[in-house]
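Spelled out, the chains give:
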Amino acid sequence: MLLPITYNASLKDLNTFGVPSEAWALVSVERWLQVAHAVALAEDANRPLLILGEGSNLLFRGDYPGLVLRIHNQGCQIVDERDGQVKIRVAAGERWHAVVMWAASEGLWGIENLALIPGMMGAAPMQNIGAYGAELAQVLTQLNCYDRAQKRWRTLTGEACRFGYRTSRFREADAERFVITECVLTLTRDGEPNLSYPGVQAELELLRQRAGTGADASVTPLEVARAVSSLRRKKLPSPEVVGNAGSFFKNPIVTEAHCESLKTDHPELPTYPAEPGHKKLSAAWMIEACGWRGKRRGDAGVSERHSLVLVNHGEATGQQIWHLAQEVARSVHDTFGVNLEPEPQLL
Ligand SMILES: Cc1cc2nc3c(=O)[nH]c(=O)nc-3n(C[C@H](O)[C@H](O)[C@H](O)COP(=O)(O)OP(=O)(O)OC[C@H]3O[C@@H](n4cnc5c(N)ncnc54)[C@H](O)[C@@H]3O)c2cc1C
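A short note on the packing of aromatic side chains
Ring pairs (aromatic) are described by centroid distance and by the angle formed between their planes.
Inference 1: Evaluation of the coordinates by the stated rule reveals eight aromatic pairs.
Inference 2: Here a set of aromatic residues connected by ring pairs shows up, and it is made of F17, F248 and F249.
Inference 3: Directly above the ring of W322 sits R61, whose terminal nitrogen or CZ lies 5.0 Å from the centroid.

This is how it looks when you write it as structure tokens:
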């Protein structure tokens, strides 16, 4: 099977930071059968393999010495409906936000709070995408993938993906082992809106007011998806305007004892629930407290709008963004004694 290969391929337009990088070779496939061939191509050439979605959660700090594989398979449909539970099957090449808006317009609940998260369906399980009190792990019931270690196709249950806060087995023990080609999500027709996160309720009411929707009309998943999208547009810099990969650091999780001692010195430090005996700290607040909002190092900068977002104001390289990230993490460590972990994959 001949695959269309581009050698010395520029990746500048294939990552949302918009940083320059060149790959040894680039292959795009439309049918999942071609995936195994692309994997073999990299192995035969003794080159590493990178699966590339929209490039919205990675940072190229230089050229990529291997084969970049882009998966463009399409398809998003209801495959089963029983007792109000609706299973949808989504191809890895589908844009995540389009899946959310399609499901919401079908009256399906479960992913509306994950609206406007960039990227492809195939990448979403990697870091168990999450926002506004929701995460993919809540709805992903199975996925189909190619297992490079066993050279065979497999179906993994949601449980077998070992999801955690912004992580999964695909980012940890089994990094680079599986090529995800399809996901099955279980949504519901009789869900309840989750408006617990600050700002979502108010944004929803504002949009309903503008639409002239009566207060007694029941809320729809489409209204929630639109409210979340509108809120995100207000809070986060769009990669179409200034290069970025969203939140650059995870909110650190520390022991309750460590959190208590931090709160003594920094009573305003926002904290959130985490696993028993632990608390999640606001990385954004700590970065802001260290005076980084809007700061620049050449074209690498910290967003004016959201201090957790590093941006490329124009011609920054991945190395320059990474140096800035290290500087930010060092000052947070010096001030709060807390380590910040990057969210994007570093290449
Ligand atoms: C403005 C902005 C806001 C964001 N907000 C959020 C947010 O609220 N919550 C959140 O969780 N994330 C957020 N992100 C991060 C990002 O959108 C997600 O991580 C998204 O899932 C990445 O998708 P992608 O297609 O761009 O993946 P890429 O960046 O292309 O790849 C990410 C990783 O997934 C792997 N991968 C990609 N496709 C496959 C596949 N088919 N099989 C196996 N591995 C694969 C890649 O090799 C890489 O390791 C944001 C990013 C931006 C730019």
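There's plenty left to go through after this.
A short note on the pairing of strand β7 (residues 85-91)
Inference 1: Both strand β6 (residues 76-82) and β7 contribute to a ladder of six bridges, which runs antiparallel. Each residue of the ladder has a partner; that of D80, found in β7, is K87.
Inference 2: The turn joining β6 and β7, which pair antiparallel and follow one another in sequence, is formed by two residues; a positive phi near 50° is taken by D83.

Comments concerning the packing of helix α2 (residues 96-105) against helix α4 (residues 221-235)
Inference 1: Look at α2 against α4: their axes get within 7 Å of each other, and the N-to-C directions meet at 145°. Classified by chirality, the crossing of α4 by α2 is left-handed. Mapping the contact onto sequence places H97, V100, M101, A104 and S105 in α2 and P221, L222, A225, R226 and S229 in α4.
Inference 2: Counted by class, the contact of α2 with α4 contains six nonpolar, three polar and one charged residues.

A closer look at the domain arrangement of the chain
Inference 1: Each assigned domain of the chain is listed here: domain 1 (5-71), domain 2 (74-235) and domain 3 (243-346).
Inference 2: The C-alpha centroid of domain 3 is placed 29 Å from the C-alpha centroid of domain 1.
Inference 3: At the junction of the two partners, domain 1 supplies 13 residues and domain 3 supplies 18 residues.
Inference 4: Approximately 1,200 Å² of surface area, both sides summed, lies buried where domain 1 meets domain 3, with 55% of it carried by carbon and sulfur atoms.
Inference 5: Contact with domain 3 buries surface across domain 1, with F17, L59 and R61 losing the most and accounting together for 54% of the total.
Inference 6: Linking domain 1 with domain 3 are five residue pairs in polar contact (both at pLDDT 80 or more), by the criterion used here.
Inference 7: For the side of domain 1 that touches domain 3, the residue count by class is seven nonpolar, four polar and two charged.

Looking at the environment of Q74
Inference 1: You can see Q74 is positioned in the loop between β5 (64-71) and β6.
Inference 2: Under the relative-accessibility criterion, Q74 is labelled exposed at 55%.
Inference 3: In the structure, Q74 is positioned 18 residues away from A92 in sequence and 7.3 Å away in space, judged by C-alpha atoms.
Inference 4: Among all residues touching Q74, those that are not within four sequence positions of it are A91, G93 and E94.
Inference 5: A distance of 3.1 Å separates a polar side-chain atom of Q74 from the backbone oxygen of G93.

The rules behind each value
- Residues numbered from 1 in each chain as written.
- Predicted model: local features only at pLDDT ≥ 70, side-chain atom pairs only at ≥ 80, totals over all residues.
- Heavy atoms only, no water.
- Phe/Tyr/Trp six-rings, centres within 6.5 Å; stacked < 30°, edge-to-face > 60°.
- Lys NZ or Arg CZ within 6 Å of the ring centre and 35° of its normal.
- Pairing = 2+ DSSP bridges.
- Helix = DSSP H or I, 4+ residues; strand = E, 2+ residues; numbered from the N terminus.
- Axes fitted to C-alpha atoms, helices over the stretch in contact; angles between N-to-C directions.
- Left-handed = near helix turned anticlockwise from the far one by under 90°.
- Contact = heavy atoms within 4.5 Å.
- Nonpolar A, V, L, I, M, F, W, Y, C, P; charged D, E, K, R; others polar.
- Domains from an automatic or database assignment.
- Buried area = accessible area lost by both parts, 1.4 Å probe.
- Polar contact = N/O pair within 3.5 Å; in protein donor to acceptor, adjacent residues only side chain to side chain.
- Buried < 20%, exposed > 50% of the residue type's maximum accessible area, 1.4 Å probe, protein only.

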